[in-house]
Amino acid sequence: MSLFTPLSVGALDLPNRLVMAPLTRCRAGKDGVPGPMVAEHYAQRASLGLIVTEGTYPSFAGQGFQYQPGLVTEEQIAGWRGVAEAVHAQGGRIFAQVMHAGRVTHEATNGGHEVVAPSAIAIDGETRTYEGKRPFPVPRALETDELPGIIEEFVQASKNAMAAGLDGVELHSANGYLLHEFLAPSSNQRTDAYGGSPENRARFVAEVAAAVAAELGADRVGIRISPEHNVQGALETDPEETRATYAALVDQLAGLKLAYLSILHQDPAGALVQGLRARFGGVVLLNSGFSVITSREEAMAILDSGLADGVAVGRPAIANPDLARRWQEDLPLNTPDSKTFYTGGASGYTDYPRPRQLTPGGWPRSSSAEPPAVVLSPPIRPERVRPRRTHAYADGMESPIQSYLESLHAEIAQLRDGRPDTNIPGISNADPDKFGICVSTVDGYVYEVGDTRDEFTIQSISKPLTYALALADLGTEAVDEKIDVEPSGDAFNELSLAEGSGRPANAMINAGAIAAASLIKGSGGSSRFKRILKTYSDFAGRELDYSQRVYESERRSGHRNYAIAYLLRQFNIIEQDPVPLLEDYFRQCSVLVTCRDLAMVAATLANSGTNPQTGKQVLELDVVDRVLSVMATCGMYDDAGAWLSSVGMPAKSGVGGGIIAVLPGQVGVGIYSPPLDEHGTSVRGGAASLRLSQDLGLHFVHAGRTGRSAIRASYDITAAPSGIRRNDEAAEVLRGHGHRARVVELNGDLLFAGTESMVREVSGLDNHVELVILDLRRVDDAAQVAVDMLGRLRRALSDAGRELLLIDGEATLPYGLAGNGEGGSSAAGPVPCFDTRSAAVEWAENRLISRYGSELCLPEEVPVTASPALAPLDPADAKALAERMEPREYDDGEVIRRVGQRFGGVHFIVSGKVGSSVAEPAGQLKLSTLSAGMTFGELALASEDRQETTVRAEGPVRLMVLPAEAIAALENEDPRLAVELWKALTRDAYTRVDQYLRETAVRLND
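What counts and how
- Chains are numbered independently. Their residues run from 1 in the order of the written sequence.
- Only residues with pLDDT of at least 70 are given local features in this predicted model, and only at 80 or more are side-chain atom pairs given and counted; all residues enter the totals for whole chains, interfaces and linings.
- Note that the side-chain values use all heavy atoms of the structure and ignore hydrogens as well as water.
- UniProt positions are given in the numbering used here, feature names are shortened, and annotations may be inferred rather than shown by experiment.
- Helix numbers and strand numbers start at the N terminus; a helix is a DSSP run of H or I with at least 4 residues, a strand a run of E with at least 2.
- For every residue, the accessible area (1.4 Å probe, protein chains only) is compared with the maximum for its type, and the residue is labelled buried under 20%, exposed over 50%, or partly exposed between those bounds.
- The criterion used for residue contact is that any of the two residues' heavy atoms lie within 4.5 Å.
- Residue exposure ignores everything except the shown protein chains as possible cover, and the areas themselves are Shrake-Rupley values with a 1.4 Å probe.
- Any helix carries an expected span of 1.5 Å times its number of residues minus one.
- The predictor rates its confidence in each residue with pLDDT, a number between 0 and 100.
- Surface patches are defined over residues having more than 30% relative accessible area and no salt bridge, joining like charges when they lie within 9 Å and nonpolar side chains (Val, Leu, Ile, Met, Phe, Trp, Tyr) when within 5 Å.
- The term salt bridge refers to a side-chain nitrogen of Lys or Arg lying within 4 Å of a carboxyl oxygen of Asp or Glu.
- Only four residue types enter the tally: Lys and Arg on the positive side, Asp and Glu on the negative side; His and the chain ends are excluded.
- To locate a charge, take NZ of a lysine, CZ of an arginine, CG of an aspartate or CD of a glutamate.
- For two strands to be treated as a pair, DSSP must find no fewer than two bridges joining them.
- To form a nonpolar core, buried Ala, Val, Leu, Ile, Met, Phe, Trp, Tyr and Cys residues must be joined to one another through side-chain atoms within 4.5 Å.
- Axis angles are defined between N-to-C directions and span 0 to 180 degrees, where every axis is a line fitted to C-alpha atoms and, for a helix, only to the segment in contact.
- Any Phe, Tyr or Trp ring, taking Trp's six-membered ring, that has another such ring centre within 6.5 Å forms a pair; planes under 30 degrees apart are called stacked, those over 60 apart edge-to-face, and the others tilted.
- Criterion for a charge above a ring: Arg CZ or Lys NZ at most 6 Å from the ring centre, at most 35 degrees from the ring normal.

Under an unreviewed UniProt entry, the name given to the chain is Glutaminase, and the organism recorded is Arthrobacter crystallopoietes BAB-32. What UniProt records for the chain under Catalytic activity (unreviewed entry) is the sentence "L-glutamine + H2O = L-glutamate + NH4(+)". Quoted verbatim from the Cofactor (unreviewed entry) field of the UniProt record, the comment on the chain reads "FMN".

Here it is as structure tokens:
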């Protein structure tokens, strides 16, 4: 049995045995409606065999958490319909978990409904509510005649799930919630037919399951249990009593023929779990992770040992939307961010990255000429279709670097100069139209276009690799005795030997390469050539082989190389029979590689000798330094000086049509095109290398040694709000859609490596992101490549229906890309640019509110009686308060309240905006902007009756003010109304204070 084999579960056929466990995430609206972000979250995970949603409440009294989704109202059903459609569109399957919280809630969470449980026993501890942390209340014990009504709630919610298009339901009888509370003796001390004995305590759960199964069909119903889990006060500490309780329950469930039984337990092989599995007689899913995260190895061991039919996993599925693929291909995993589990917004919910490489080594290891077919989105078309696109992005958006390479490829492909090599018969019939360009960053990200997967022989590009192996074996001093490091100024096959000693000028010409091969000895049962081939394979990141046909051709026609070898033997540079040595040398030149392999070879050299995809240390840094130095001065033979001055990258060419070029610490380039120039260099390869150097700033004079990512941070705007206090309607829009605007903070230099990391980050953003805010304030220098790629990035975003914004107060981009932040943007006009993050985020928030909200979200005028702060009051009370207020008007820039003033009353903004700020050594630090419908001034009461911020009008402002004197009079004349006022203001302040503190923290870092 394997994790990745199909499994029939009730009415469903699962493609694999991985099930997403139900996970509380608190991303629905306050109305319990799951929105587009929830749909996107579950759709991202559709490749798992089955998704089980977070717990959804079957009645308002059953809601246990803030922002928990429900299955009660028509709006909630419509929301789940959107989720079901999104998951099904991705080929997935999804069950709704139906969960009544029981006593694990509070009236401030469930809308003021009475908290109920099997018995009137409170949980010891606190719960988070919409009003902050509160002690768990003492629940009211359910009467026996109320239980059928609770059962009907489960039935109706399950019917609602099916009406929404979900595939079935899972009944939550675990983790201390209502059904589990009936099972656990610590929470069930009833004396009727539903308490006391194990059979009685199991009765209610069995009746709920039977009723739901009768309505939906048993093959659409699963159930989850967690014996001995001992959480939230549902304690099961007596092993025998626990075994008897769950045996009684499972015996009754077995007769229902449910779709599955899901068991959460830390000992899946123990007698309790396996005994329950035997009793159930159907599909059993195991979830062993709660205090620890379930690993791939543990999940596989559970199935390999026959302990269950499937495995439910939680946190790995949170952090890895494509977990099934990652575990099947043993790819690296993202780490779940526990800080974002329950915080709302897209961060930690829909923004976990996905690997873009096909496998850790690019494609499955093989010596065959063609990689296996791999279906991406959009699918890769047949091999001859050009250009090849390896990476697809959300909404069809292509990386600007990829689009640049494609345009460069199309341009350079028009060159018709040169012809394939004719000196080696085995490669003389190469197709002159073949042309591929591949670029790999030092973190292993590959861009490729054209014929990058066609195999050809490595030829002289083998020389620096064999030279490196000799240096690693013997050290610099011993190798230098045999091979010099001076440019020869001659062609690759000239007899460039030192007078007297016969020492070859360098290891890049044939004489030096043959000498280098002679220094490689067999070791550990591996012959010289096997060691050479393994080294090449380590560079490429996959197993390579050589062409027997080309080898035979070289062996028969390589007369000049025979002459060179015998001459080297005469000078005792070679200390062995030249013939076996030459056979190995011909084999090394006949090794089959692809353009992509060459890019990985170059990237390994650029990455200080470590293959960036496999992580294998192929060479030590001192060897890399020597090899790159010799490549820089000698790698391009009699054209080396011109190459280094114009292209500026250490390089090596081969008569097979390949070229590698290396920018240390930044990038590796591989190019393939058979037609050669008079120096034996690929015509298109040389032209493409020059353009890459010029266009991307790859000349060593302009690029630093180490290429670091320019990404400092990336987050959606819900993590860094603007400081504008929004009304409830606007705040709700931003809660639901704030993830559509993302801030990407950059730092360091935007040379090629930094620019590439920035482009890759933005190009790979999920398709829900509509507004991209690039924060350039910590960028020290932006090269022309950054400006060019930002222009391409902006056009690509615009083509995908997205917008680019810049934060660039220091004018880091002097080339005219950025404009001011006034008004909208177009692909032809300047990019909106802002001095501060708060200004850019405010612009983005307004954009989202205008797109997804109504006219109520951004009202120009709000009468005081309609102020959100007074919403809890009776209309007559609000009108009575308004009659005690006095109107005030202020002009733009006029100070309304100063720091240090005594409490001056509560100020209600009728129209206009005000800004609050505090004094800093560098000037006023703006904290927030308030608009129509909002209040200020009341927080002074919490600061010894002193105003702590300066409040100024931002444009014309009209206020209604309830002065301090009027409040004092109200307390004497109408104490009841005064109490209602303070209750309303306190509630409003409480809901704002957390946001206010976060905004302040953000502003201090802005």
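Caption draft 1: Fine view of the overall build of the chain. Looking only at helices and strands, the chain has 29 helices and 33 strands in total. By residue count, 58% of the 1006 residues in the chain fall in the buried class. Of the contacts made within the chain by residues no fewer than 6 positions apart, 73% connect residues no fewer than 24 positions apart. Looking at the chain as shown, the accessible area adds up to about 38200 Å², and 49% of this sits on carbon and sulfur atoms.

Caption draft 2: The arrangement of helix H24 (residues 752-763) in detail. Over its 12 residues, H24 runs 16 Å from end to end, which matches the ideal 16 Å to within 8%, given 1.5 Å per residue. For H24, the buried fraction is high: 11 of the 12 residues fall into the buried class. Of the residues making up H24, those classed as buried are Phe-752, Ala-753, Gly-754, Thr-755, Glu-756, Ser-757, Met-758, Val-759, Arg-760, Val-762 and Ser-763.

Caption draft 3: Representation of the confidence of the model for the chain. Counting all residues, the mean pLDDT for the chain is 87, and 89% of those residues have values of 70 or more. Note that pLDDT drops below 50 for residues 356-396; the model gives that stretch 99 contacts with residues more than four away or on any other chain.

Caption draft 4: How the structure looks around the UniProt feature "binding site: substrate" (unreviewed entry) in the chain. Under the feature "binding site: substrate" (unreviewed entry), the UniProt entry names Ser-460, Asn-510, Glu-554, Asn-561, Tyr-585, Tyr-637 and Val-655. Positionally, Ser-460 belongs in the loop between strand S17 (456-457) and helix H12 (462-474). With residues up to four places along the chain from it excluded, the contact list for Ser-460 reads Asn-510, Tyr-637, Lys-652, Ser-653 and Gly-654. Tracing the chain through its elements places Asn-561 in helix H17 (residues 559-570).

Caption draft 5: Up close: the environment of Trp-80. Structurally, Trp-80 is set in helix H2 (residues 74-89). For the pair formed by Trp-80 and Ala-96, sequence separation is 16 residues and the distance between their alpha carbons is 9.1 Å. Discounting residues that sit within four places of it in the chain, Trp-80 has contacts with Pro-34, Tyr-42, Thr-53, Glu-54, Thr-56, Pro-69, Gly-70, Leu-71, Ala-164 and Leu-166.

Caption draft 6: Quick look at a negative patch on the surface. Taken together, the side chains of Asp-31, Glu-74, Glu-75 and Glu-732 present a region of like negative charge at the surface. Following the sequence through the fold, Glu-75 ends up in helix H2.

Caption draft 7: Just the sheet that holds strand S26 (residues 803-807), in detail. Across the sheet, 5 strands lie side by side as S22-S24-S25-S26-S27; this open sheet has mixed pairing. Of all the strands in the sheet, just strand S22 (711-716) and strand S27 (833-834) have a single pairing partner and so form its edges. As paired strands, S22 and strand S24 (residues 741-750) are joined by 5 bridges and run antiparallel to one another. Residue Ser-714 lies in a different strand from S24, and its bridge partner there is Val-744.

Caption draft 8: Representation of unusual backbone geometry in the model. In the Ramachandran plot, Asn-175 falls in the positive-phi region, its phi being about 60° despite a non-glycine side chain. Following the sequence through the fold, Asn-175 ends up in the loop between strand S10 (168-173) and helix H4 (178-183). With phi around 60°, Tyr-637 is a residue other than glycine that occupies positive phi space. The exposure class assigned to Tyr-637 is buried, which follows from its relative accessible area of 6%.

Caption draft 9: Seen up close, the nonpolar core. In terms of nonpolar packing, the biggest core is built from 83 residues, with Tyr-42, Leu-171, Phe-204, Val-212 and Leu-249 touching the most fellow members. For this core, the leading source of residues is helix H5 (residues 198-216), giving 9 residues. Ignoring sequence-local partners within four residues, the contact set of Leu-249 consists of Leu-183, Ala-202, Val-205, Ala-206 and Ile-225. Core analysis: the second largest hydrophobic core is formed by 67 residues, Phe-456, Phe-539, Val-623 and Ile-660 among them.

Caption draft 10: Local environment of the sheet that holds strand S4 (residues 50-56). Strand order in the closed barrel formed by 8 strands is S3-S4-S5-S10-S11-S12-S13-S14, and the pairing between neighbours is parallel. For this sheet, the mean angle separating the axes of adjacent strands, direction not counted, is 25°. Here strand S5 (residues 94-98) runs beside S10; their pairing, made up of 4 bridges, is parallel. Bridge pairing links Phe-95 to Gly-168 in S10.

Caption draft 11: Highlighting the packing of aromatic side chains. What the rule picks out here adds up to 15 aromatic pairs. Residues Phe-529 and Tyr-546 carry aromatic rings whose centres are separated by 5.2 Å and whose planes lie at 85° to one another, so their mutual orientation is edge-to-face. Here the residue Phe-529 occupies a position in helix H15 (residues 528-540), and Tyr-546 occupies one in the loop between H15 and helix H16 (548-557), the gap between them amounting to 17 residues. Their ring planes at 50° and their centres at 6.2 Å tell us that Tyr-585 and Phe-586 sit as a pair that is tilted. Taken individually, Tyr-585 and Phe-586 each receive the classification buried, so the pair is uniform in this respect. Through a chain of ring-to-ring contacts, the aromatic side chains of Phe-182, Tyr-194 and Phe-204 assemble into a single cluster. Above the face of the Tyr-130 ring, Lys-30 is positioned so that its terminal group lies 4.7 Å from the ring centre. Above the face of the Tyr-551 ring, Arg-587 is positioned so that its terminal group lies 4.5 Å from the ring centre.

Caption draft 12: Representation of the pattern of salt bridges. If you walk through the whole model with that rule in mind, you get 45 salt bridges. For the salt bridge of Glu-861 with Arg-958, the shortest nitrogen-to-oxygen distance reads 2.8 Å. With Glu-861 in the loop between helix H26 (837-852) and helix H27 (875-883) and Arg-958 in strand S33 (residues 950-962), this residue pair connects regions lying 97 residues apart in the sequence. Its relative accessible area of 48% is what places Glu-861 among the partly exposed residues. When its relative accessible area of 31% is taken as the criterion, Arg-958 is described as partly exposed.

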